[in-house]
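Descriptive structure summary
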Amino acid sequence: MNDRLVRSLSLFGDLELSDKIKDARKELSDHLKSKGYATKIDYLGADVLATKGNEKLAVLIGRHSVRYKRVGQLMRIDGFELHYLLRGDARVDWAMRGTVNILKVKSKGSL
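Rules and cut-offs
Residues numbered from 1 in each chain as written. Predicted model: local features only at pLDDT ≥ 70, side-chain atom pairs only at ≥ 80, totals over all residues. Heavy atoms only, no water. Helix = DSSP H or I, 4+ residues; strand = E, 2+ residues; numbered from the N terminus. Buried < 20%, exposed > 50% of the residue type's maximum accessible area, 1.4 Å probe, protein only. Polar contact = N/O pair within 3.5 Å; in protein donor to acceptor, adjacent residues only side chain to side chain. Contact = heavy atoms within 4.5 Å. Pairing = 2+ DSSP bridges. Right-handed = clockwise from strand over helix to strand, strands pointing away. Core = buried A, V, L, I, M, F, W, Y, C linked by side-chain atoms within 4.5 Å. pLDDT = per-residue confidence, 0-100. Phe/Tyr/Trp six-rings, centres within 6.5 Å; stacked < 30°, edge-to-face > 60°. Lys NZ or Arg CZ within 6 Å of the ring centre and 35° of its normal.

Turning to the side chain of threonine 39, a few remarks are in order. Summarising the element assignment, threonine 39 is placed in strand E2 (residues 38-43). A relative accessible area of 19% places threonine 39 in the buried class. Here the side chain of threonine 39 touches serine 29 through a polar contact of 2.6 Å, side chain to side chain. In this structure threonine 39 touches Ser29, Leu32, Lys33, Val48, Leu49 and Ala50, once residues within four positions along its chain are discounted.

With that settled, the discussion passes to the pairing of strand E5 (residues 81-87). Taken across its seven residues, E5 has six buried, putting it largely inside the fold. With seven bridges connecting them, strand E4 (residues 55-63) and E5 associate as parallel partners. Looking at E5, one finds that alanine 58 is bridged to leucine 82. The parallel pair E4 and E5, bridged by helix H3 (residues 68-75), forms a crossover whose chirality is right-handed.

With that settled, the discussion passes to the nonpolar core. With 16 residues, the main nonpolar core has Phe12, Leu17, Leu28, Leu32, Leu57 and Leu85 as its most contacted residues. Of all elements in the fold, only helix H1 (3-12), helix H2 (21-34), strand E3 (46-52) and E4 reach the threshold of two or more residues within this core. For phenylalanine 12, the contacting residues outside a window of four places in its chain are Leu28, His31, Leu32, Val59, His83, Leu85, Leu103 and Val105. Formed by 14 residues, the second largest nonpolar core is a distinct cluster that contains Leu49, Val71, Leu74 and Leu82.

Below, the discussion takes up the confidence of the model for the protein. Taken as a whole, the protein shows an average pLDDT of 83; of its residues, 88% reach a score of 70 or greater. Here strand E6 (residues 94-97) stands out as the least confident element of the protein, with mean pLDDT 59; H2 is the most confident, with 95.

The tally for this structure, following the rule as stated, stands at zero aromatic pairs. A cation over an aromatic ring shows up here: lysine 40 above the ring of tyrosine 43, its NZ or CZ 4.5 Å from the ring centre.

Look at aspartate 42: it is not a glycine, yet its phi comes out positive at around 55 degrees. Residue placement: aspartate 42 occurs in strand E2. For leucine 44, which is not glycine, the phi dihedral falls at a positive 55 degrees. Its place among the elements puts leucine 44 in the loop between E2 and E3. Exposure remark for leucine 44: the relative accessible area of 54% places this residue in the exposed category.

Bridge count between E2 and E3: five bridges; the pairing is antiparallel. The residue of E3 that forms the bridge with isoleucine 41 is valine 48. What sits between the antiparallel neighbours E2 and E3 is a turn of two residues, in which leucine 44 has the positive phi angle 55 degrees.

What follows is about the environment of serine 65. Of note, serine 65 is situated in the loop between E4 and H3. Classification of serine 65 by relative accessible area gives partly exposed; the value is 32%. Along the primary structure serine 65 and lysine 104 are separated by 39 residues, whereas in three dimensions their C-alpha atoms are 9.6 Å apart.

In structure tokens, the structure reads:
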């Protein structure tokens, strides 16, 4: 199994996010805090930035499909591990686009 897939699943595999972006950002922040990260919400173009020691994460939250303009913005954040989480009926389970990990997560209220 790909190391980046394992990493993404270990961070976000059990995550469930609301449809409302404001709620989803808070839920993601709380989730990462429970794993020992310090977080900032809606900062530098990312929905959540998280740090723990030398680890730095920049995370975007989307619905259904990747918005590549946002990926481009995320890729400008130097020195961060980049993740794009898709909710709802996303068309991907997991993928890599350059240095960005794209992962489908559960959406609250979905089956």
